Amino acid sequence: MSKVRVLVGTHKGAFILSSDGKRKQWEVNGPLFAGWELYHLKGSPVDPNRLYASQTSGWFGQTIQRSDDGGANWTPAGNKFTYEGVTGTHQWYDGTPHPWEFKRVWHLEPSLTDPDVVYAGVEDAALFRSTDAGATWEELAGLRCHGTGSHWQPGAGGMGLHTIILDPSNPQRIYIAISAAGAFRTDDGGKSWKPINKGLVSPFMPNPTAEVGHCVHHVAIHPSRPDVLFMQKHWDVMRSDNAGESWQEVSGNLPTDFGFAIDVHAHEPETLYVVPIKSDSEHFPLEGKLRVYRSRAGGNEWEPLTNGLPQENCYVNVLRDAMSVDSLDECGIYFGTTGGQVYASPDAGDTWAPIVRHLPAVLSVEVQTLP
Amino acid sequence: MSGPSSEPCSIRVILPYHLRTLAKTGEEVVLAVSSPVTVRAVLDALEVRYPMLCGTIREHGTHQRRPFLRFFACEEDWSHESPDAPLPETVTAGTEPLLIIGAIAGGAGY
């Protein structure tokens, strides 16, 4: 029978949650790297026992950890992230030039074809790649140094590159997203990049439809249709049917279209999930009710999913990398909260139950479906 | 103060908890360091023995001390001394350790 392994990054360590295909009984292992911030963990699609983890600390900086046995043992990998060439400046919060400074790795994206190749999205925003299982890192500087880089500005949480999507049908195409610069795409393996933000509207910007500057929170695709992108922006849920060339809003009947997480059902490319959050000033669910919203129409028409989720006095947040899906026949949906709960639905969102309730604030959730 | 010597000194270094777990070692490590024994020489030796500590105490490239870490020896703060200043003889002799300490910072933790 298939199994699932849920990799959870939190403010105070990592946890690995394991279950069989029924997803009713769970084994909880952790904390790993206790006391460190684990921004993200992710497994290689080629070798599921090869895991990468971003371990950070305000005191001790960045470390990358690697496991070759599914998380039982870990080895520190390389942590030297050096920007290529003349570092240059981006805009600071007050609009003044500010030198690029490496702070941490927000997201690790293992290659779809080679377990030794992994991409890292970092703050201050840049994309790095390792071809030796994380031992050394090289910046794909065409992104940061493309024409608009000097105009990028951090969001409230920092200027992080938080989303990396590798196109399964085209190894030369990568999508990334940065807060608060927007979404970008390369079609030549990372040498050159273009902003893909046409159709995004951000009223807080001097030019609400500018080429860059949009606070994109997360982007998701279905592997069978990599040209169709779904985006949770600061406000607005968006959709692109042409690889990001243009976007249309699909917030529809959502009670609020602010949020962070967005994901796509493993077998239904038009079924999406978001967790609406009240506002950019109040990062918790509306009315204290934790509700996942599902659209089976690729957006616009949304239904609340509440069965098993707290419907009163719930004031947690669900961060951008804290939702994931498995690929079992009946698709499982998972998300973690800043209150330390990790919820699982074994039936595509119809019913939910907490796997764990009292972890540190959850930063990321990734799911591996294992044979 | 010790003069140049061909015999390396055995230098005791106390690591903060999180670096011990990262390096999978105990609270105190003993390093062979040639004279003159300085903070730079000790950290060089430490990073050779435990390469996973590179970048965690001082920055890659610039070797600047990370802002929330301090160096103490013989009850004195060496954090703002030149990294090339010779450490006290009691450290060189192995009587006293060089302490690497994480700044006490509570407050905003989750």
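Computed from a predicted structure; not experimentally measured.

Across its full length, chain A carries zero helices and 30 strands. For 371 residues, the compact-globule estimate of 2.2 N^0.38 gives 21 Å, and the C-alpha radius of gyration of chain A, at 19 Å, lies within 12% of that figure. Across its three principal directions, the C-alpha atoms of chain A cover 50 × 45 × 40 Å. For chain A, the proportion of its 371 residues judged to be buried stands at 53%. Sequence-distant contacts in chain A: of pairs separated by 6 or more residues, those separated by 24 or more amount to 49%.

Another point: the overall build of chain B. A tally of regular secondary structure across chain B gives three helices and five strands. For chain B, the α and β elements follow one another from N to C terminus as β-α-β-α-β-β-α-β. Each of the 110 residues in chain B was classed as buried or not, and the buried ones make up 28%. At a minimum sequence separation of 6, the contacts of chain B that also span at least 24 residues come to 60%.

For helix H2 (residues 39–49) of chain B, the complete set of buried residues consists of B:Val39, B:Ala41, B:Val42, B:Leu43 and B:Leu46. If you follow the buried residues of H2(B), they end up packed against strand S1 (9–14), strand S2 (28–33), strand S3 (69–73) and strand S5 (98–102) of chain B.

Attention now goes to the nonpolar core. A:Val8, A:Ile176, A:Ala261, A:Tyr334 and A:Val342 are the most contacted members of the largest nonpolar core, which has 105 residues in total. When residues of this core are assigned to their parent elements, the largest contribution, five residues, is made by strand S15 (residues 174–179) of chain A. Those residues within four positions of A:Val8 in sequence are excluded, and the remaining contacts are A:Ala14, A:Phe15, A:Leu17, A:Gly336, A:Val342, A:Leu359, A:Val362 and A:Val365. B:Cys9, B:Val13, B:Val42 and B:Cys54 belong to the second-largest nonpolar core, a separate cluster that totals 26 residues.

Another point: the sheet that holds strand S2 (residues 13–20) of chain A. Residues and elements named next belong to chain A. Read across the open sheet, the four strands follow the order S3-S2-S1-S30; overall the sheet is antiparallel. Strands at the two margins of the open sheet, each flanked by one partner only, are strand S3 (27–32) and strand S30 (362–370). Each adjacent strand pair in this sheet contributes to an overall mean axis angle of 15°, direction not counted. Pairing of strand S1 (residues 3–10) with S2 involves eight bridges; the strand directions are antiparallel. Its bridge partner lying in S2, Val 8 is registered against Phe 15.

All names here are of chain A. Taken in spatial order, the four strands line up as S26-S27-S28-S29 in an open sheet, and their pairing is antiparallel. Unpaired on one side and paired on the other, strand S26 (323–325) and strand S29 (353–356) mark the two borders of the sheet. Neighbour to neighbour, the strand axes of the sheet diverge by 25° on average, direction disregarded. Sheet analysis places S26 next to strand S27 (residues 333–336), joined by three bridges and oriented antiparallel. Note on S27: the bridge partner recorded for Val 325 is Ile 333.

Let us now look at the pairing of strand S6 (residues 61–67) of chain A. All names here are of chain A. The buried fraction of S6 amounts to six of the seven residues, a majority that puts the element mostly inside the structure. The pairing of strand S5 (residues 51–57) with S6 spans seven bridges and is antiparallel. Bridge pairing in S6 links Thr 56 to Gln 62. Counting the residues that bridge the hairpin from S5 to S6 gives three residues. Across two bridges, the pairing between S6 and strand S7 (residues 75–76) is antiparallel. Bridge pairing links Gln 65 to Pro 76 in S7.

Residues and elements named next belong to chain A. Burial along strand S24 (residues 292–295) is two-sided: Val 292 and Arg 294 facing one way and Tyr 293 and Ser 295 facing the other are all buried. Where strand S23 (residues 272–274) and S24 come together, three bridges link them in antiparallel fashion. Among the inter-strand pairings, Val 274 is bridged to a residue of S24, identified as Tyr 293. With three bridges connecting them, S24 and strand S25 (residues 303–305) associate as antiparallel partners. When the sheet's bridge partners are listed, Arg 294 is paired in S25 with Glu 303.

Moving on to unusual backbone geometry. Residue and element names in this part refer to chain A. Along the chain, Gly 30 connects to Pro 31 via a cis peptide bond; the corresponding omega equals 0°. Turning to its location among the elements, Pro 31 is positioned in strand S3. Phi angles above zero are rare outside glycine, and Glu 287 is one such case at about 60°. Residue placement: Glu 287 occurs in the loop between S23 and S24.

Parts of the prediction with low pLDDT should not have their coordinates interpreted in detail. Averaged over every residue, the pLDDT of chain B is 92; the share at 70 or more is 89%. ipTM for the predicted complex: 0.91, alongside a pTM of 0.96.

The rules behind the values
- Residues numbered from 1 in each chain as written.
- Chains lettered and ligands numbered in written order.
- Predicted model: local features only at pLDDT ≥ 70, side-chain atom pairs only at ≥ 80, totals over all residues.
- Helix = DSSP H or I, 4+ residues; strand = E, 2+ residues; numbered from the N terminus.
- Rg over C-alpha atoms; globule rule 2.2 N^0.38 Å.
- Buried ≥ 20, exposed ≤ 12 C-beta atoms within 10 Å, placed from the backbone.
- Contact = placed C-beta atoms within 7 Å.
- Core = buried A, V, L, I, M, F, W, Y, C linked by C-beta atoms within 7 Å.
- Pairing = 2+ DSSP bridges.
- Axes fitted to C-alpha atoms, helices over the stretch in contact; angles between N-to-C directions.
- pLDDT = per-residue confidence, 0-100.

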